[in-house]
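Below, each chain spelled out in residue letters.
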Amino acid sequence: MSSAHTEVQVRPGVEADLDALTALYNHYVRETPITFDTAVFTAEERRPWLLSHPEDGPYRLMVATDRDSQQILGYVTSSPYRPKPAYATSVETSVYVAPDAGRRGIGTLLYDALFKALAEEDVHRAYAGIAQPNEASEQLHARFGFRHVGTYREVGRKFGRYWDVAWYEKDL
């Protein structure tokens, strides 16, 4: 992606990214209902999460970085949908963009790279849960062919209130 401000590159996430990825995720833990985690993580606590996303296979972690500074602008994952074996060809996807990098197409770049990588894998469906409201995320998912399949009402409690989660599905 080119812009007047920066060139962005997307690459697999690596252990050296752990501190920056943890800080990015912790922003969403502290400030938003986008994740239902309620306590921030240390990098060591997040290490198993990072290591569960190798550079190949269906469970990926990809990061978008500023080409010059290598600052992480966002990341995308595909993770196991559920632990039982029959779910093995389904993944749950998540996208997190740095708070100062929104509305620059970072999410689009990340999803584009992820779905190109997953095209080579034995994956049949991708699912995404979007805490409501989140119009930007809904628009991103619609651009990639996700369709709304249902909403869990008041399924999570954070910041002293209940939140709905809309579920989206994409054929792969």
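Q: What am I meant to see in the pairing of strand S6 (residues 147-158) here?
A: Successive side chains on a regular strand alternate, one facing one side of the sheet and the next facing the other. Note: S6 against strand S7 (residues 161-171), eight bridges, orientation antiparallel. Note on S7: the bridge partner recorded for arginine 147 is glutamate 169. Counting the residues in the hairpin turn of S6 and S7 gives two residues, including phenylalanine 159, whose phi is positive at 55°.

Q: I'm lost on helix H2 (residues 43-51) in this one. Help?
A: The periodicity of an α-helix, 3.6 residues per turn, causes residues three or four places apart in sequence to face the same way. Of all the positions in H2, only Ala43, Arg46, Trp49 and Leu50 are classed as buried. Down the axis of H2, the smallest arc covering the buried residues is 100°, so these residues share one side. Projecting away from the buried face of H2 at angles above 90 degrees are the exposed residues Glu44, Pro48 and Leu51. Where the residues of H2 are buried, they touch helix H1 (18-31), strand S2 (61-66) and strand S3 (72-80).

Q: Can you help me understand the side chain of histidine 141 in this one?
A: Within the secondary structure, histidine 141 sits in helix H4 (residues 135-143). By relative accessible area, which is 4% here, histidine 141 ends up buried. Engagement of the side chain of histidine 141 in a polar contact is seen with the side chain of tyrosine 111, the distance being 2.7 Å. Excluding its chain neighbours within four sequence positions, the residues that come into contact with histidine 141 are Thr93, Tyr111, Ala128, Ile130 and Phe146.

Q: Would you mind going over H1 with me for this structure?
A: Taking 1.5 Å of rise per residue, 14 residues should cover 20 Å, and H1 covers 20 Å from first to last C-alpha, within 8% of that figure. Looking at H1, one finds that the buried residues are Leu18, Leu21, Thr22, Leu24, Tyr25, Asn26, Tyr28 and Val29. Residues of H1 that are buried make contact with H2, S2, S3, strand S4 (90-97) and S6.

Q: Explain the sheet that holds strand S5 (residues 125-131) here, please?
A: For sheets, the rule is that strands pair by backbone hydrogen bonds, running either parallel or antiparallel. One open sheet accounts for seven strands, arranged S1-S2-S3-S4-S5-S7-S6; its pairing is mixed. Looking at strand neighbours, the two that pair on one side only are strand S1 (8-12) and S6, the edges of this open sheet. In this sheet, adjacent strand axes meet at a mean angle of 25° when their direction is disregarded. Inspection of the sheet shows S5 paired to S7 by seven bridges, in the antiparallel sense. Its bridge partner being in S7, isoleucine 130 is matched across the sheet by alanine 166. On top of the sheet, H4 reaches S4, S5 and S7; it is set at about 165° to S5, its chief contact.

Q: I would appreciate a short explanation of the packing of aromatic side chains in the present structure.
A: Describing an aromatic ring pair means giving the distance of the ring centres and the angle of the ring planes. For the structure on display, the rule yields 13 aromatic pairs. An angle of 35° between the planes, with centres 4.8 Å apart, marks the rings of tyrosine 81 and tyrosine 127 as tilted. With a gap of 46 residues between them, tyrosine 81 in the loop between S3 and S4 and tyrosine 127 in strand S5 connect regions that are remote in the sequence. Among the residues examined, tyrosine 127 registers a relative accessible area of 15% and is labelled buried.

What counts, and where the lines are drawn
Residues numbered from 1 in each chain as written. Predicted model: local features only at pLDDT ≥ 70, side-chain atom pairs only at ≥ 80, totals over all residues. Heavy atoms only, no water. Pairing = 2+ DSSP bridges. Helix = DSSP H or I, 4+ residues; strand = E, 2+ residues; numbered from the N terminus. Buried < 20%, exposed > 50% of the residue type's maximum accessible area, 1.4 Å probe, protein only. Arc of directions from axis to C-beta. Contact = heavy atoms within 4.5 Å. Polar contact = N/O pair within 3.5 Å; in protein donor to acceptor, adjacent residues only side chain to side chain. Expected span 1.5 Å × (residues − 1). Axes fitted to C-alpha atoms, helices over the stretch in contact; angles between N-to-C directions. Phe/Tyr/Trp six-rings, centres within 6.5 Å; stacked < 30°, edge-to-face > 60°.

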